[in-house]
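Spelled out from the first residue to the last, the chains are:
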Amino acid sequence: PDKQFRNQQLLINPSGQCVARYSKMRLFHPGGEERLCVAGSEVVVASIEKWIVAPLVCYDLRFPELFREGTRRGAELFIVIANWPDVRIEHWITLLRARAIENQAYVIGVNRSGRDPERAYSGHSMVVDPKGNAILDAGESEVVAQTKLDREALLSWRAEFPVLRDL
């Protein structure tokens, strides 16, 4: 409505309805993203089926406070879409695991693969469980992958090791 660009993730439910629109809060200044986009102002969560989901975008992964705010708002599942280059792929993997562990939540990281004229992108889209275990790593190629998430296991882990009570 204000004619400004935002880097966004939309959450679409199985019926095809947009249930949330998240605008990236931490713009990637090393790449000049602030010259093209305006930052979002809040973390959002939405219910999809039985899950409370928080969408985030790329560089947001480096800012644990965004994930913590999602957790405070009830998030059980974070989805991070990204354009994370190969040169920092170990950061991608480590940060996905860290965000899952510290928030006792599932984290789905969907990353680009391939090349552009300047960089290589090695993919490694992942699903990480609340204990930090990668239950899916899509590798370096462009693929369609799926896995099952166990909400009961998530709730059980949160009850067994209730660190979130200390927020």
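Residues numbered from 1 in each chain as written. Predicted model: local features only at pLDDT ≥ 70, side-chain atom pairs only at ≥ 80, totals over all residues. Heavy atoms only, no water.

**Points about the nonpolar core**
In this structure, L61, F78 and W92 are the most contacted members of the largest nonpolar core, which totals 39 residues. Of all the elements in the fold, those that place two or more residues in this core are strand 2 (18-23), strand 3 (46-48), strand 4 (51-57), helix 1 (64-72), strand 5 (77-82), helix 2 (89-103), strand 6 (106-111) and strand 9 (126-128). If one sorts the elements of this core by residue count, helix 2 sits on top with six residues. F78 has contacts with A54, L56, F67, G70, T71, N103, A105, Y106, V107 and I108, leaving out every residue within four places of it along the chain. (Core = buried A, V, L, I, M, F, W, Y, C linked by side-chain atoms within 4.5 Å. Buried < 20%, exposed > 50% of the residue type's maximum accessible area, 1.4 Å probe, protein only. Helix = DSSP H or I, 4+ residues; strand = E, 2+ residues; numbered from the N terminus. Contact = heavy atoms within 4.5 Å.)

**Regarding the packing of aromatic side chains**
Within a pair of aromatic rings, the relevant descriptors are the distance that separates the centres and the angle that separates the planes. For the structure on display, the rule yields six aromatic pairs. Ring geometry for F28 and Y59: centres 4.9 Å apart, planes at 75°, overall edge-to-face. Pair noted here: F28 is in the loop between strand 2 and strand 3 and Y59 is in the loop between strand 4 and helix 1, with a separation of 31 residues, a long-range link. Residue class for F28 comes out partly exposed when judged on its relative accessible area of 26%. Residue Y59 is classed as buried on the basis of its relative accessible area of 18%. Where F67 meets F78, the ring centres are 4.9 Å apart and the plane angle is 45°; that geometry is what we call tilted. Within this pair, whereas F67 is found in helix 1, its partner F78 is found in strand 5, the two being separated by 11 residues in sequence. (Phe/Tyr/Trp six-rings, centres within 6.5 Å; stacked < 30°, edge-to-face > 60°.)

**Observations regarding the pairing of strand 1 (residues 8-12)**
With burial as the criterion, only one face of strand 1 is covered, namely that bearing Q9 and L11; the residues Q8, L10 and I12 on the opposite face remain uncovered. In this structure, strand 1 lies alongside strand 2, joined through five bridges in antiparallel fashion. Looking across to strand 2, one finds that Q8 is bridged to S23. Hairpin connection from strand 1 to strand 2: five residues lie between these consecutive antiparallel strands, with G16 at a positive phi of about 90°. (Pairing = 2+ DSSP bridges.)

**Some points on helix 3 (residues 151-160)**
L154, W157 and R158 are the residues of helix 3 that are buried. Projected down its long axis, helix 3 carries its buried residues within an arc of 100°, all on one side. Those residues of helix 3 that are exposed and aimed more than 90 degrees away from the buried face are E152, A159 and E160. The backbone nitrogen of E152 lies 3.1 Å from a side-chain oxygen of the residue at the head of helix 3, namely D150. (Arc of directions from axis to C-beta. Polar contact = N/O pair within 3.5 Å; in protein donor to acceptor, adjacent residues only side chain to side chain.)

**What about the pattern of salt bridges?**
Scanning all chains against the criterion turns up nine salt bridges. Where E118 meets R119, a salt bridge forms, and the shortest distance between an N and an O atom there is 3.1 Å. Residue E118 is classed as exposed on the basis of its relative accessible area, which comes to 63%. Judged by relative accessible area, which is 39%, R119 ranks as partly exposed. Residues participating in the shared-partner salt-bridge network are E42, E69, R72 and R73. (Salt bridge = Lys/Arg side-chain N within 4 Å of Asp/Glu carboxyl O.)

**Remarks on the environment of A39**
Within the secondary structure, A39 sits in the loop between strand 2 and strand 3. Each C-alpha atom, one on A39 and one on F5, is 9.0 Å from the other, the two residues being 34 residues apart in sequence.

**With respect to unusual backbone geometry**
Unlike most non-glycine residues, C58 shows phi in positive territory, near 45°. One can find C58 in the loop between strand 4 and helix 1. Take C58: its relative accessible area is 13%, and that puts it in the buried class. Residues other than glycine seldom take positive phi values, yet Q104 does so here, at roughly 45°.

**Thoughts on the side chain of Q104**
Within the secondary structure, Q104 sits in the loop between helix 2 and strand 6. Looking at Q104, its side chain comes within polar contact range of the main-chain oxygen of F161, at 2.7 Å. Setting aside chain neighbours within four positions, we find Q104 in contact with P130, L154, W157, R158, F161, V163 and L164.

Bear in mind that shape data such as this cannot, by itself, settle questions of function.
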